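Now for the letters of each chain:
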Amino acid sequence: MLKITLSQATPNPLQLSLECTPGELHALVGPSGSGKTTALRTIAGLNNAETGSIVCNGEVWFEANEMKGVTTSLSPAERSCGFLFQQYALFPHLSALENVCVPLYNSISEPTKRKAQAGQWLHRMGIGELANRMPNQLSGGQQQRVALARALARSPKVLLLDEPFSAVDAPTRQGLYKTLAELRKDLNIPILLVTHDLREADLLADRITVIDQGVGLQTAPPQVLFERPRNSRVAELVGINNKFEGVFTAGKLTWDGCNHVFDVLDKGKIPPNTPVAWVIPADGLSLHNKPSSSSIEADVEQISALGQIAVIQLLLNNKAYTLTWEASAAEVNRLELEVGKNTHVQIDGSKIHIMPLRTINDPRRFTS
Amino acid sequence: MDIDAILLSLKLALWTLVLILPFGVWVAHRIRAAGKSKSWIEAALALPLVLPPTVLGYYLLVGLGGKTFLGIPLVFSFTGILIASLIVNLPFAIQPIQRAFEAINPEIIEAAQVSGLSNWQIFRLIELPLAWRGITSAAVLTFAHTLGEFGVILMVGGAIPGETKTVSIAIYDKVQSLDTSGAGVLSLILLGTSLIAITISYGVFGRQPSCSKEGGS
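1. Focus on the overall build of chain B
Okay, so step 1: On a plain count of helices and strands, chain B comes out with twelve helices and two strands.
Okay, so step 2: Going from N to C terminus, chain B has its helices and strands arranged as α-α-α-β-β-α-α-α-α-α-α-α-α-α.
Okay, so step 3: Taken across its 217 residues, chain B has 40% of its residues classed as buried.
Okay, so step 4: Long-range pairs, those at least 24 residues apart, make up 75% of the contacts in chain B between residues at least 6 apart in sequence.

2. Re unusual backbone geometry
Residues and elements named next belong to chain A.
Okay, so step 1: With omega at -5 degrees, the peptide bond leading from T10 into P11 counts as cis.
Okay, so step 2: Looking at the secondary structure, you find P11 in the loop between β1 (2-8) and β2 (14-20).
Okay, so step 3: At Q213, a residue that is not glycine, the phi angle is positive and equals roughly 50 degrees.
Okay, so step 4: Within the secondary structure, Q213 is located in the loop between β10 (207-212) and β11 (215-220).

3. Overview of the sheet that holds strand β16 (residues 285-288) of chain A
Residue and element names in this part refer to chain A.
Okay, so step 1: Judged by pairing direction, the sheet is antiparallel, and its five strands sit side by side in the order β16-β20-β17-β18-β19 without closing on themselves. Two strands close off the open sheet at either side, each with one partner strand: β16 and β19 (322-328). Along the sheet, successive strands turn relative to each other by an average axial angle of 45 degrees, direction set aside.
Okay, so step 2: Here strand β17 (residues 296-306) pairs with strand β20 (residues 342-347) via four bridges, running antiparallel. Among the inter-strand pairings, I296 is bridged to a residue of β20, identified as V345.

4. Remarks on the sheet that holds strand β14 (residues 261-263) of chain A
All names here are of chain A.
Okay, so step 1: Taken together, five strands build an open sheet; the order of strands is β14-β13-β12-β15-β21 and the sheet is antiparallel. Across the chains shown, the open sheet's two edge strands, defined by having one partner strand only, are β14 and β21 (353-356). Mean inter-strand twist for the sheet, computed between neighbouring axes without regard to direction, equals 45 degrees.
Okay, so step 2: As paired strands, strand β12 (residues 243-249) and strand β13 (residues 252-254) are joined by three bridges and run antiparallel to one another. Its bridge partner being in β13, T249 is matched across the sheet by K252.

5. Focus on the interface of chain A and chain B
Frequently, the measure chosen for interface size is the accessible area removed from exposure when the parts meet.
Okay, so step 1: The interface is formed by 26 residues belonging to chain A together with 24 residues belonging to chain B.
Okay, so step 2: Mapped by element, the contributors of at least two residues to the side of chain A that touches chain B are α2 (76-79), β7 (81-84), α3 (96-101) and α4 (111-124) of chain A.
Okay, so step 3: Considering only residue class, the side of chain A that touches chain B consists of 16 nonpolar, five polar and five charged.

Thresholds, definitions, all that
- Residues numbered from 1 in each chain as written.
- Chains lettered and ligands numbered in written order.
- Predicted model: local features only at pLDDT ≥ 70, side-chain atom pairs only at ≥ 80, totals over all residues.
- Helix = DSSP H or I, 4+ residues; strand = E, 2+ residues; numbered from the N terminus.
- Buried ≥ 20, exposed ≤ 12 C-beta atoms within 10 Å, placed from the backbone.
- Contact = placed C-beta atoms within 7 Å.
- Pairing = 2+ DSSP bridges.
- Axes fitted to C-alpha atoms, helices over the stretch in contact; angles between N-to-C directions.
- Nonpolar A, V, L, I, M, F, W, Y, C, P; charged D, E, K, R; others polar.

By themselves these figures say nothing about function.
Structure (structure tokens):
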């Protein structure tokens, strides 16, 4: 189990707490410069936070508070982290096999045994035949597999992956996803993945922590995060398109986009007549050719076909709001949708998620 | 041909190389972490490049004059010109190695840290092999420059045959005594040596980054 609580003001602000259990793949997601990599580097010991703690399997790697300053700070070598760098950082003067030998240098003194074990890791990564190649003779995907083998060779207690898939092409990425999924089952250690790609995080992670300006805004399983973002900034960061503002009173949501009042879940936390932000996931929307008592009239403004998926922009009849709806190409054909066509949108009130309405400029305000 | 002068120059160049190279590697490696004082240290180490050799020679003469090391006088002796040679060659030995260390991607060092290597192991297995090209350049430049050094050697050592009379000083002596053919032969030897040294620096070692394949295994 990896438990971290980090806090610092400079050079990059960081305010983050999270736990990652053995076998869990935990994604840190946020825009560029949000502090994801800083957090990962701090866990590895390449940076130090001002205050906080990092505890792995009960072993304190880092501890500091305002009163005493840094009381414990193990060096990167002592922390037993497998770290996969974004640009791989392979040792350019060593072959693939020798790169993987490096983390074994202190644990296996016999060079032959060291090479044998490194070779096994390369075989496990599916690149055993490339053992004698130099890094500059390997493709991006192959280099990454060498880097992953190197990160794992030491049998680390934690695996830290810093945007590992950003520099490889799509087919290679798919192969690496598969490798990572297989490794997860065998390794049974906490894995932290930094990415700015939400689809990737959704695909791979058990839980996601959304970070913005160094502050952890929400930690949740992907499905929960996409359906019930904690606040409007999280909704914005996870790319929820259908985000609006309304007024909430005792289980009723009023929205000036239509005359209909939606029945939504009331947790009793929001006082009456409170302006709120609300989101509706894609599966909470449906389109119909015929109107119903609760449907909203809209015109198809744009259809963007993305392979078998189409993204449809709908301009509501009051011309003030646009809804985004994703559907399969077959569904688009069934509804005979085309730009300019009049249609009817049904919003499922039970899928509506309401959130506090706050400005997006100061994410620290969302942490409470 | 003045064989003694050639042998003395080679002896001086080899001793200079043996002594200055480990020091150059150490200083070049340490200088990265010097912080605010880095510019001052770099300036001090580069001073022999811009200081007139006679000025440097004068200060060495004044500083070392009358002093001995293990009973050996430090001026007008081989030890004296060796000390002078070490000081004159500081920038040639340190700067290429410093550039080579600075060219190493910091992420590679971090990768070595998270791989569990100690600082010494990182230096030995990662940084030193990656800086090998710079170390080679430093060695070649130092060797060639020592062979050709004139002003400082003359000031500190004079021209004692077999003791301080190096090839450069022998050439000067031969020209003074109108032995132009003798001076020509010695000059040709220095020219050839320098050309070979520079070719080695730019060619054989320059093209391929050095690598210690045994390093990580």
